[in-house]
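The primary structure of each chain is shown beneath.
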Amino acid sequence: MSSCAAVVPEKTEAEAAPVRLVSRPRLPEWLKVPLPSSSTFTRTRQLLGDLRLHTVCESARCPNQWECWSRATATFMIAGDRCTRACGFCAVDTAKPLALEEDEPRRVAEATRRLGLRHVVVTAVARDDLADGGADHFRRTIGAIRAENPGIVVEVLVPDFLDRDFALDLVLDAGPDVFNHNLETVRRLTPSVRHRATYDRSLAVLAKAKQRGNGRMSTKSGMMLGLGESDAEIRDSMADLRRSNVDILTLGQYLQPTPKHLPVVEFVVPARFEEYARLGREMGFVHVASGPLVRSSYHADEFHPPA
Ligand code: SF4
């Protein structure tokens with residue numbers, strides 16, 4: 001394993017300069033997670049396997065898998081585990097996708113019930129091969145979850161559907177409580193981080209969702225930090241998200257899933273994440289989750305949508 005080339009400044013954490021990296025880094029202490037030890041983790045894995053469901057927890061190699069699965073929570077990834085895009089940060093496989101599985105919505109609903117979830121997060125691979133980008137599959141999954149789990153909070157984390165209004169409406173008409181679409185990174189870095197997406201298209205999708213969704217639906221977006229963006233660029237993106245009427249913001253540290261993916265440029269110190277949380281609240285976000293291990297769906301149930 002290569003050694004860490006980080007320069008650790010002799011300052012307090014709050015004053016510290018960014019930890020700039022020039023080779024594959026060793027994780028700083030604040031990003032180390034404990035190994036699983038709970039029987040709930042094993043039961044969650046078993047249940048997901050029995051129902052043949054994919055999760056972004058596994059497919060994206062999320063560092064919180066041990067914690068979340070030990071709390072009997074997971075983020076379902078529908079429409080298969082093969083993505084039509086090849087974003088530079090994402091560990092989900094890029095390949096020709098298989099046909100949609102008709103009974104997947106029912107299986108997600110059953111898993112939601114058996115896990116006892118009161119807040120479920122459903123995401124999907126990007127299905128640019130389908131005319132609706134997989135939107136109808138989202139609609140059917142939301143419906144199945146609601147039918148099986150009355151009163152549940154449903155959050156969807158969707159691709160951009162190439163900004164097709166009819167696809168967006170299919171999802172919105174199913175009435176999700178939280179509509180999440182990630183901006184992922186700042187404007188300048190978007191072409192290298194998500195080369196098949198555009199920064200403005202993501203902002204447009206978020207703004208339209210807020211406009212077209214029912215009045216109670218919250219919108220949400222997130223960004224990964226540590227890809228080489230500047231402080232000013234992060235602040236600009238936060239302002240862009242507010243201008244698109246986004247209610248909830250998540251900020252977390254980017255981690256390189258394999259050596260083939262984009263390198264980590266910087267480990268952002270926890271104090272800076274706290275600073276962005278404060279700034280986000282000042283800017284008018286209703287809820288901000290900001291920390292090194294925060295992911296879109298991490299502790300998603302801590303946000304309670306308006307009744
Ligand atoms: S943060 Fe989200 S993706 Fe990661 S393990 Fe938890 S539920 Fe899964």
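In this text the structure is predicted, and so the values were computed from the model without any measurement. (Residues numbered from 1 in each chain as written. Predicted model: local features only at pLDDT ≥ 70, side-chain atom pairs only at ≥ 80, totals over all residues.)

## Topic: the overall build of the protein chain
Line of reasoning, step 1. A count of helices and strands for the protein chain gives ten helices and twelve strands.
Line of reasoning, step 2. Its C-alpha atoms give the protein chain principal-axis dimensions of roughly 55 × 45 × 40 Å.
Line of reasoning, step 3. By the burial criterion, 45% of the 307 residues in the protein chain qualify as buried.
Line of reasoning, step 4. Contacts spanning at least 24 positions in sequence make up 73% of the contacts within the protein chain whose residues lie at least 6 apart. (Helix = DSSP H or I, 4+ residues; strand = E, 2+ residues; numbered from the N terminus. Buried ≥ 20, exposed ≤ 12 C-beta atoms within 10 Å, placed from the backbone. Contact = placed C-beta atoms within 7 Å.)

## A closer look at the nonpolar core
Line of reasoning, step 1. Counting residues in hydrophobic clusters, the biggest one holds 78 residues, and the most contacted among them are Val156, Val171 and Leu249.
Line of reasoning, step 2. When sequence neighbours within four positions are dropped, the list of residues in contact with Leu249 reads Ser221, Gly222, Met238, Leu241, Gly280, Phe285 and Val288. (Core = buried A, V, L, I, M, F, W, Y, C linked by C-beta atoms within 7 Å.)

## Structural notes on helix 6 (residues 165-173)
Line of reasoning, step 1. Of the residues making up helix 6, those classed as buried are Ala167, Leu168, Leu170, Val171 and Leu172.
Line of reasoning, step 2. Elements that come into contact with the buried residues of helix 6 comprise helix 5 (135-148), strand 7 (153-157) and helix 8 (199-212).
Line of reasoning, step 3. Directly beyond the C-terminal end of helix 6, a positive phi value near 70° is found at Gly175.

## Some details on the packing of helix 1 (residues 39-50) against helix 4 (residues 104-115)
Line of reasoning, step 1. Taken N-terminus to C-terminus, the directions of helix 1 and helix 4 make an angle of 160°; their axes are 10 Å apart at the nearest point. As far as their axial angle goes, helix 4 and helix 1 are roughly antiparallel. Handedness of the helix 1/helix 4 crossing: right-handed. Here Thr44, Leu47 and Leu48 of helix 1 lie close against helix 4, whose contacting residues are Ala111, Arg114 and Leu115.
Line of reasoning, step 2. Looking at side-chain class alone, the contact of helix 1 with helix 4 contains four nonpolar, one polar and one charged residues. (Axes fitted to C-alpha atoms, helices over the stretch in contact; angles between N-to-C directions. Parallel < 35°, antiparallel > 145°, perpendicular 65-115°, else oblique. Left-handed = near helix turned anticlockwise from the far one by under 90°. Nonpolar A, V, L, I, M, F, W, Y, C, P; charged D, E, K, R; others polar.)

## Quick word on the confidence of the model for the protein chain
Line of reasoning, step 1. Averaged over the protein chain, the pLDDT score is 91; the fraction of residues at 70 or greater is 92%.
Line of reasoning, step 2. Confidence drops under pLDDT 50 across residues 1-17; counting only partners more than four residues distant or on other chains, this segment forms 20 contacts. (pLDDT = per-residue confidence, 0-100.)

## Section: helix 4
Line of reasoning, step 1. The terminal C-alpha atoms of helix 4 lie 16 Å apart, and with twelve residues this matches the ideal 16 Å at 1.5 Å per residue to within 8%.
Line of reasoning, step 2. Those residues of helix 4 that fall on the buried side of the exposure criterion are Glu104, Pro105, Val108, Ala109, Ala111, Thr112 and Leu115. The arc that holds the buried residues of helix 4, viewed along the axis, is 160°, so those residues lie on one side.
Line of reasoning, step 3. Positive backbone phi, approximately 75°, marks Gly116, located one or two places after helix 4. (Expected span 1.5 Å × (residues − 1). Arc of directions from axis to C-beta.)

## As for unusual backbone geometry
Line of reasoning, step 1. One non-glycine residue, Phe161, lies in positive phi territory at about 50°.
Line of reasoning, step 2. Here Phe161 lies in the loop between strand 7 and helix 6.
Line of reasoning, step 3. For Phe161, a count of 25 C-beta atoms within 10 Å gives the class buried.
Line of reasoning, step 4. Residue Asn245 is not a glycine yet carries a positive backbone phi of 65°.
Line of reasoning, step 5. Topologically, Asn245 is positioned in the loop between helix 9 (231-243) and strand 10 (248-253).

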